[in-house]
Amino acid sequence: MAAAAGLHAVLPVREAGGTLATDLRGVRVVWRRELIRFARDRLRIVTSLVQPVLFLLILGEGLSVIARTPPGVSFKTFMFPGIVGMTVLFTSVFSAMSIVWDREFGFLREMLVAPVDRWAIVLGKCLGGMTVATLQGVIFLALAGAADVPYDPLMLLELVAIMALMAFALTAFGVLLASRIQQMQSFSVMVQFFVMPMFFLSGAVFPLVGLPSWLNALTKIDPLTYAVDPLRHIVFEHLTVPAAALASLDPGVSWNGWRLPVGMELGIVAACAVLLLGAAMVAFSRE
Amino acid sequence: MHARRAGREPARTGIGPVPIEASVPTIPEPAVAVQHLRKRFGDFDAVRDVSFEVAAGETFGLLGPNGAGKTTTVSMLSTLLAPTSGRAKVAGADVVTERGRVRSRIGLVFQDPTLDEYLTAEENLRFHAELYGVPAATLDARLDQILDMVELSDRRHDVVQNFSGGMRRRLEIGRGLIHSPRVLFLDEPTVGLDPQTRAHIWTYIESLRQSEQITILLTTHYMDEAEHCDRIAIIDNGEIVTLDSPDALKARVGRDRLEIAVPDPEAAIAALGERFGIEATVSEGMVAFYVSHGEEFVPRLFAESGLTIHSVRMSRPTLDDVFMAYTGRTIRDAEASASDHLRESARRFARRR
């Protein structure tokens, strides 16, 4: 009760809601919360590095026994950009799925009842997931040396830019899924149904050449293909590799024999990002 | 509890608009005005035709068993649910057409926790304050003030995960206030807490209305908590059965309640009706009825009724009796039946969505 004595100052009621400034502040607040939670959860940072490291060092090393790469290029080098993509994929989707967690523990309601437009909440969440997944990817990039990939500043910068773009698209995808999920248990089902196929079809673990036509068709439908290919292309640009090796390890993505330029591939990813973000916003405005 | 109520009186007349006509020259707009509010879930009427007004500065309670429609009413008033029909204005804004305005003018403390357990107490408050547009210049001072009020200043940098149930609830109440809302909704603010913590929470709520000059609308199914309110609406089966101050409600019942344990309740009810013209009912295994002067009636009961009576319990009117008088059952009896029905309906409704 003693505390009550000093509480005379009552703030004037401010009208929030409806203005762009309020909504942008909402975006920032939701984004910052993602960062705080990421920074606090050191264990998660470490554990989510375990899977890509296992893929790169154990699977990459193990498969290189049978997967014969042209001389001068190790299989680990081939896999490296794919595993970068995998790190971003899983971190983004997991980060978006925290909405399901928020729903279960009530915090989603705290956000949804605020006098802030729903689109701002969704955008903040997507930007948060993007930042977190990109940071996680950057941490993984530190292992480039273990895969005989040089630490070229320009290359690293280009990789970070692509990671950010794909992380945004994937978080938007995750948020869209999360809008339809009521329980945490459904999450692993979603991962099995959407995320694993996306990962395997993206060319992250094997080059997309000489595949049976049905598999070839599926890899072209997978949007992640158009993010993994630029990652790999940029890494190989900074290696000195014989032309024959390039053709088999960095074949690019072709439509009817026409090889898509990197710019167009990234354009496809950006278009997916916009569509998924829009869909996620619509899904949450109905909640 | 009564001592505290008595102690509060002078302060209330000082700041509160409670005797409205005396302190305010023009009739102010009520903080909450509800007209014929209804909500249907499928074929279940959760709230049917509820109307009431809450004056600015008043603490108003919705009292009723679980499943009576209290939370549904609060959800509609806080714009979380769209009413099926009827109108409501909260802090001067319409809950259907001016949802954004309503939301920025109210504070909400839900029955279920809505804190981020991975953030610290201060981060939870900051998140909320910025979302509600508390100006950066005043935010730090306001944070200190709120943390002081809910006595969590020394834990402000602790992650909420490590907080007890009472601390969490205090933090939630503080959070609901940080943007200086005009109306604070508290949905079952003390449910699931131990009695000591419940009493503690009430101390805060009482100090709040003085320091923040705020209108509070709360729901509870604890009779003793309803005593803290200026006025209470007793709600049952989605309808308001009566509405008045706690004292006025008790005065209306005005009679003592007697409960007797007998081997054959049916026979006892018949005998009471025949000999004394008393209408008795079975409640929680006892035969219960009301008489004007209990202490004089008990000797007559033994002398004249001829019943075998194992025990007698007499009580002065409480809000429980008010509830009993208006609904024909105790709040616990009501909960046993109503909550089953509501849970079943809610399940069916959820499945359909």
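These figures come from a predicted structure and were not determined experimentally.

## Looking at the overall build of chain B
Okay, step 1: The helix and strand tally for chain B stands at 14 helices and 14 strands.
Okay, step 2: Here chain B, with 353 residues, has 44% of them falling under the buried criterion.
Okay, step 3: Here the analysis covers contacts within chain B between residues at least 6 apart in sequence; of these, 70% occur between residues at least 24 apart.

## Considerations on the packing of helix 10 (residues 246-253) of chain B against helix 13 (residues 319-327) of chain B
Residues and elements named next belong to chain B.
Okay, step 1: Where helix 10 contacts helix 13, the axes come no closer than 9 Å and their chain directions differ by 60°. It follows from the interaxial angle that helix 10 and helix 13 lie oblique. You can see that helix 10 and helix 13 cross each other, and the crossing is left-handed. Here helix 10 contributes Pro 246, Leu 249, Lys 250 and Val 253 to the contact with helix 13, which in turn contributes Leu 319, Asp 321, Val 322 and Ala 325.
Okay, step 2: Of the residues assigned to the contact of helix 10 with helix 13, the class counts are 6 nonpolar, no polar and 2 charged.

## A few points about the nonpolar core
Okay, step 1: Core analysis: the largest hydrophobic core is formed by 154 residues, its most contacted members being Met 166, Ala 169 and Ala 172 of chain A together with Val 90 and Phe 185 of chain B.
Okay, step 2: Core analysis: the next-biggest nonpolar cluster, separate from the first, contains 8 residues, Leu 258, Ala 268, Val 287 and Ala 288 of chain B among them.

## A word on the packing of helix 6 (residues 153-180) of chain A against helix 11 (residues 262-285) of chain A
Between two packed helices, the angle of one axis relative to the other and the distance separating the axes together describe the packing.
All names here are of chain A.
Okay, step 1: In the contact formed by helix 6 and helix 11, the axes pass within 8 Å of each other and the chain directions differ by 30°. Between helix 6 and helix 11, the angle falls in the class roughly parallel. In terms of crossing hand, the pair formed by helix 6 and helix 11 is left-handed. Along the contact surface, helix 6 presents Ile 162, Leu 165, Met 166, Phe 168, Ala 169, Ala 172, Phe 173, Val 175, Leu 176 and Ser 179, while helix 11 presents Leu 266, Val 269, Ala 270, Cys 272, Ala 273, Leu 276, Leu 277, Ala 279, Ala 280, Ala 283 and Phe 284.
Okay, step 2: Along the lines of polarity and charge, the residues of the contact of helix 6 with helix 11 split into 20 nonpolar, 1 polar and no charged.

## A closer look at the confidence of the model for chain B
Residue and element names in this part refer to chain B.
Okay, step 1: Model confidence for chain B is summarised by a mean pLDDT of 82, while 87% of its residues fall at 70 or above.
Okay, step 2: Note on residues 1-25: pLDDT is under 50 here. Beyond four places in sequence and across chains, it has 20 contacts.
Okay, step 3: The complex prediction reports pTM at 0.78, with the ipTM value standing at 0.83.

## Regarding the interface of chain A and chain B
You'll often see interface size given as the accessible area lost when the parts meet.
Okay, step 1: If you look at the interface, chain A gives 29 residues, while chain B gives 36 residues.
Okay, step 2: At the level of elements, helix 1 (20-40) and helix 4 (107-112) of chain A are the ones that each hand at least two residues to the side of chain A that touches chain B.
Okay, step 3: The biggest single contributor to the side of chain A that touches chain B is helix 1 of chain A, with 8 residues.
Okay, step 4: Counted by class, the side of chain A that touches chain B contains 16 nonpolar, 5 polar and 8 charged residues.

## Some details on the sheet that holds strand 4 (residues 85-90) of chain B
All names here are of chain B.
Okay, step 1: In spatial order, the strands read 2-1-4-5; together these 4 strands make up an open sheet with antiparallel pairing. Looking at the sheet topology across the chains shown, the edges are occupied by strand 2 (44-54) and strand 5 (93-94).
Okay, step 2: In this sheet, strand 5 lies alongside strand 4 in antiparallel orientation, the contact comprising 2 bridges. Bridging from a neighbouring strand, Lys 89 pairs with Asp 94 of strand 5.
Okay, step 3: Lying over the sheet, helix 3 (residues 70-77) contacts strand 1 (32-41), strand 2 and strand 4, oriented at roughly 115° with respect to strand 1.

## What about the domain arrangement of chain B?
Okay, step 1: Under the domain assignment, chain B is made up of domain 1 (2-245) and domain 2 (255-316).
Okay, step 2: Look at where the C-alpha atoms of domain 1 of chain B and domain 2 of chain B centre, and you get two points 41 Å apart.

## Some points on the environment of Leu 35 of chain A
Okay, step 1: Checked against the element boundaries, Leu 35 of chain A lands in helix 1.
Okay, step 2: When near neighbours in sequence (up to four residues on either side) are disregarded, Leu 35 of chain A contacts Gly 128 and Thr 131 of chain A.

## A closer look at helix 5 (residues 121-131) of chain B
Okay, step 1: Where burial is concerned, most of helix 5 of chain B is hidden: 10 out of the 11 residues are buried.
Okay, step 2: Turning to helix 5 of chain B, its buried residues number three or more, namely Ala 121, Glu 123, Asn 124, Leu 125, Arg 126, Phe 127, His 128, Ala 129, Glu 130 and Leu 131 of chain B.
Okay, step 3: Those residues of helix 5 of chain B that are buried are in contact with helix 1 of chain A together with helix 6 (136-149) and helix 7 (165-177) of chain B.

## Some thoughts on the pairing of strand 8 (residues 215-220) of chain B
Residue and element names in this part refer to chain B.
Okay, step 1: For strand 8, the buried fraction is high: 6 of the 6 residues fall into the buried class.
Okay, step 2: Burial along strand 8 is two-sided: the face carrying Thr 215, Leu 217 and Thr 219 and the face carrying Ile 216, Leu 218 and Thr 220 are both buried.
Okay, step 3: Sheet topology note: the strand 3 (residues 59-63)/strand 8 ladder contains 5 bridges and is parallel. Pairing of Leu 62 across the sheet is with Thr 219, part of strand 8.
Okay, step 4: Both strand 7 (residues 183-187) and strand 8 contribute to a ladder of 5 bridges, which runs parallel. In the sheet register, Phe 185 faces strand 8, and the bridge partner there is Leu 217.

Rules used in this analysis
- Residues numbered from 1 in each chain as written.
- Chains lettered and ligands numbered in written order.
- Predicted model: local features only at pLDDT ≥ 70, side-chain atom pairs only at ≥ 80, totals over all residues.
- Helix = DSSP H or I, 4+ residues; strand = E, 2+ residues; numbered from the N terminus.
- Buried ≥ 20, exposed ≤ 12 C-beta atoms within 10 Å, placed from the backbone.
- Contact = placed C-beta atoms within 7 Å.
- Axes fitted to C-alpha atoms, helices over the stretch in contact; angles between N-to-C directions.
- Parallel < 35°, antiparallel > 145°, perpendicular 65-115°, else oblique.
- Left-handed = near helix turned anticlockwise from the far one by under 90°.
- Nonpolar A, V, L, I, M, F, W, Y, C, P; charged D, E, K, R; others polar.
- Core = buried A, V, L, I, M, F, W, Y, C linked by C-beta atoms within 7 Å.
- pLDDT = per-residue confidence, 0-100.
- Pairing = 2+ DSSP bridges.
- Domains from an automatic or database assignment.

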